[in-house]
Amino acid sequence: MADLQVSWSTLEAVHGALEKATETFSGDALPAEDGAFGADDVAQAFATFRTAQQRSAEWLADTSRTLGQYAKDTKSLFADTDDDLAGMAGGK
């Protein structure tokens, strides 16, 4: 049976990258239309697009936050499991 190996540095790098992604997608709201489009149809299309883009950015921020927490939790859970197994192997 192969040994299970967990790379702490990889988990830390993944967590860091996902924190940066969360910050990127959690940024300021997109600018609103300021009347420069002229036609109501164009302004409405922009508003619809902007709303969809904002929802996508919020979803990406939430997903990045969740995945980053999984990476952080994985590191902690494996460390706890290693400690438990070491205790059992030592007869504790």
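Below: a short report on this structure. (Residues numbered from 1 in each chain as written. Predicted model: local features only at pLDDT ≥ 70, side-chain atom pairs only at ≥ 80, totals over all residues. Heavy atoms only, no water.)

We now examine a nonpolar patch on the surface. Together, Phe25, Trp59 and Leu60 make up an exposed nonpolar region whose accessible area comes to about 300 Å². Tracing the sequence through the fold places tryptophan 59 in helix α2 (residues 40-89). (Patch = residues over 30% accessible without salt bridge, like charges linked within 9 Å, V, L, I, M, F, W, Y side chains within 5 Å. Areas by Shrake-Rupley, 256 points an atom, 1.4 Å probe, with all protein chains shown as cover. Salt bridge = Lys/Arg side-chain N within 4 Å of Asp/Glu carboxyl O. Helix = DSSP H or I, 4+ residues; strand = E, 2+ residues; numbered from the N terminus.)

Counted according to the given criterion, the structure contains 2 salt bridges. A salt bridge links glutamate 12 to lysine 75; the nearest nitrogen and oxygen atoms lie 2.2 Å apart. On the criterion of sequence distance, the pair formed by glutamate 12 in helix α1 (residues 8-25) and lysine 75 in helix α2 is long-range, its members being 63 residues apart. The class for glutamate 12 is partly exposed, based on a relative accessible area of 44%. The class for lysine 75 is partly exposed, based on a relative accessible area of 28%. Salt-bridge contacts for arginine 65 lead to aspartate 62; the nearest nitrogen and oxygen are separated by 2.8 Å. Within this pair, arginine 65 and its partner aspartate 62 are both found in helix α2, separated by 3 residues, close to a single helical turn. Aspartate 62 sits in the partly exposed class, given a relative accessible area of 43%. (Buried < 20%, exposed > 50% of the residue type's maximum accessible area, 1.4 Å probe, protein only.)

In this fold, lysine 20 is placed in helix α1. Since its relative accessible area comes to 59%, lysine 20 is described here as exposed. A sequence separation of 41 residues divides lysine 20 from alanine 61, and the C-alpha atoms of the two residues are 9.6 Å apart.

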